[in-house]
Amino acid sequence: MKEDFKKIGYTLREIAEYFCKKTPREVTFADADNYDYEISEIFQKWQKVSFGVPFEKEFPCFDAFWEELASWNAQEPWTHEKAERIIRLAEKALKEIDEYLKKRIIEGVVKELEILSNENPRDFFYSFESYIDTYYEDSICALILKWEQSGYGDFGATFPITAGVVAKLESLNDFVERPREVYADIIASAKDALKEVKEYKI
């Protein structure tokens, strides 16, 4: 279910970003009409997974942007003011979506660190791979990759303790079993990393 939230967020981001990259002259009725339809389909998906949270409450800026697209009918002529307003609303929507996605990534990292900090050193050799394998979309390494691919900056610079824990995890990726003390050190470091991430303000 959480993955549905993220997929919806990334799709909305792509739409807002598309309009942000345009000049007013490049904004057309065809764009507005096509994306009005696409957003309405995303809205239907949101209603199925949001547990009653209204779309307009979670994304008020994006909702205003969508309303502006939907208000453009085929008989209405293109105007510079209309196109400029769409771009301006798209910029606000993009900022809002980025904050939403950052929050989702941070929540995922917190969850991973909470699990990691409660691992047992005795059994850790058999579980560490799940934290670093990007095949798992909710692994800490996959989440960091998504953070950086989304243009949110250098994760390691923002979260140096967490990045250090990840580096230690990646150093284990030769399938050579280490002494329990090595695993205990990583698990202890995860507690400091958890505090670091929880203190981050979006």
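Predicted model, so just to flag it, every value in this text is computed and none were measured.

Participant: What is the right way to read the overall build of the chain from this model?
Facilitator: In terms of regular secondary structure, the chain is built from 10 helices and 0 strands. Written out in order from the N terminus, the α and β elements of the chain read α-α-α-α-α-α-α-α-α-α. Taken over C-alpha atoms, the radius of gyration comes to 21 Å for the chain, far larger than the 17 Å a tight globule of 202 residues would show. Projected onto its principal axes, the C-alpha positions of the chain cover 75 × 30 × 30 Å. Considering the chain as a whole, with its 202 residues, one finds that 43% of them fall into the buried category. Considering only intrachain contacts with a sequence separation of at least 6, the fraction spanning at least 24 residues in the chain is 71%. In the chain, 28 side chains carry a positive charge and 41 a negative one; their mean positions are 3 Å apart.

Participant: Any chance you could explain the environment of Thr-23 here in plain terms?
Facilitator: With respect to the secondary-structure elements, Thr-23 resides in the loop between α1 (2-20) and α2 (29-49). The partly exposed category is assigned to Thr-23, whose relative accessible area is 39%.

Participant: I tried to follow the pattern of salt bridges on my own but got confused; where do I start?
Facilitator: Two side chains of opposite charge can pair, provided their charged atoms sit close to one another. In the structure shown here, the tally under the stated rule is 11 salt bridges. Residues Arg-13 and Glu-17 are paired through a salt bridge, measuring 3.6 Å at the closest nitrogen-oxygen approach. Here Arg-13 and its partner Glu-17 are both found in helix α1, 4 residues apart, which amounts to about one turn of the helix. Residue Asp-98 is joined to Arg-13 by a salt bridge in which the shortest nitrogen-to-oxygen separation is 2.5 Å. With Asp-98 in helix α5 (residues 80-116) and Arg-13 in helix α1, this residue pair connects regions lying 85 residues apart in the sequence. The pair formed by Asp-98 and Arg-13 is uniform in burial state, with each residue classed as buried. One network of salt bridges, with partners in common, ties together Arg-13, Glu-17 and Asp-98.

Participant: It is not clear to me how unusual backbone geometry should be interpreted in this structure. Could you clarify?
Facilitator: Most peptide bonds take the trans configuration, and most residues that are not glycine carry a negative phi. The backbone of Phe-51 sits at a positive phi, close to 55°, despite the residue not being glycine. Looking at the secondary structure, you find Phe-51 in the loop between α2 and α3 (55-58). Judged by relative accessible area, Phe-51 falls into the exposed class, the value being 68%. We note that Phe-175 has phi near 60°; this positive angle belongs to a residue other than glycine.

Participant: What's the story with the nonpolar core in this structure? I'm lost.
Facilitator: Inside soluble globular proteins, nonpolar side chains tend to come together where they are buried. Phe-19, Phe-62, Phe-65, Leu-113, Phe-124 and Leu-169 are the most contacted members of the largest nonpolar core, which has 61 residues in total. For this core, the leading source of residues is α5, giving 16 residues.

Participant: I'm lost on the side chain of Asp-31 in this one. Help?
Facilitator: For Asp-31, the position within the fold is in helix α2. For Asp-31, a relative accessible area of 10% translates into the label buried. Here the side chain of Asp-31 touches Tyr-18 through a polar contact of 2.9 Å, side chain to side chain. Here Asp-31 is in contact with Tyr-18, Phe-19, Lys-22 and Glu-26, once residues within four sequence places are set aside.

Each value, and the rule that gives it
Residues numbered from 1 in each chain as written. Predicted model: local features only at pLDDT ≥ 70, side-chain atom pairs only at ≥ 80, totals over all residues. Heavy atoms only, no water. Helix = DSSP H or I, 4+ residues; strand = E, 2+ residues; numbered from the N terminus. Rg over C-alpha atoms; globule rule 2.2 N^0.38 Å. Buried < 20%, exposed > 50% of the residue type's maximum accessible area, 1.4 Å probe, protein only. Contact = heavy atoms within 4.5 Å. Lys, Arg positive; Asp, Glu negative; His and termini not counted. Charge placed at Lys NZ, Arg CZ, Asp CG, Glu CD. Salt bridge = Lys/Arg side-chain N within 4 Å of Asp/Glu carboxyl O. Core = buried A, V, L, I, M, F, W, Y, C linked by side-chain atoms within 4.5 Å. Polar contact = N/O pair within 3.5 Å; in protein donor to acceptor, adjacent residues only side chain to side chain.

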